[in-house]
Amino acid sequence: MKKTLHAFLNAFFRKELDFRARLFNVLALAGAVISLAVAGLGPFTGAAPMNSLACLFSFLLAAGFLYYSNRSGNYRVFYIITIVVVFILLFPVMFFSAGGYRSGMPVFFVFAVVFTVFMLDGKAAFFMPVLELLVYTGLCLYAF
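Residues numbered from 1 in each chain as written. Predicted model: local features only at pLDDT ≥ 70, side-chain atom pairs only at ≥ 80, totals over all residues. Heavy atoms only, no water.

For the coordinates displayed, the defined rule picks out 16 aromatic pairs. Summarising the aromatic geometry, the rings of Phe-24 and Tyr-75 are spaced 6.1 Å apart at their centres and angled 80° between planes, so their arrangement reads as edge-to-face. Separated by 51 residues along the polypeptide, Phe-24 in helix α2 (residues 19-45) and Tyr-75 in helix α4 (residues 75-98) bring together distant segments of the chain. Pair check on accessibility: Phe-24 and Tyr-75 agree, each one buried. (Phe/Tyr/Trp six-rings, centres within 6.5 Å; stacked < 30°, edge-to-face > 60°. Helix = DSSP H or I, 4+ residues; strand = E, 2+ residues; numbered from the N terminus. Buried < 20%, exposed > 50% of the residue type's maximum accessible area, 1.4 Å probe, protein only.)

What follows covers the environment of Phe-19. Its location among the elements puts Phe-19 in helix α2. When its relative accessible area of 52% is taken as the criterion, Phe-19 is described as exposed. Sequence-wise, Phe-19 and Leu-141 are 122 residues apart; in three dimensions their C-alpha atoms are separated by 36 Å.

As a further point, take the side chain of Asn-51. In this structure, Asn-51 sits in helix α3 (residues 49-72). Not counting the four nearest positions on each side in its chain, Asn-51 is found in contact with Val-38, Met-94, Ser-97 and Ala-98. (Contact = heavy atoms within 4.5 Å.)

Structure, rendered in structure tokens:
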């Protein structure tokens, strides 16, 4: 067990990795664990079945992104895919299927914007958070 944990930590959090890559790995791992937990708790919290399915899909994406980004070493592509697919496309589905602005999803909106700011640089570091804020503001206004 100790060897397995050491191999896992060395694979995803080794010091040779860029800070952004290690941060991505932490966030992808946390996202996978949280998504799996929320999917399992969905039936007990009154969330729509669609929310549990979206969370399971999010779990699979996060786990897959964690694996393939580490294997390929091409983290920037997975940053962009995460932002577009999970934060801009999947989070709105989760927002409405979990109960709208009264659910916990607005907290994840903040997380998404912060994640985006940390992961990107250049013009994308400005454009993508602004796009996310517009989407999330629109979702909350529509839900209201």
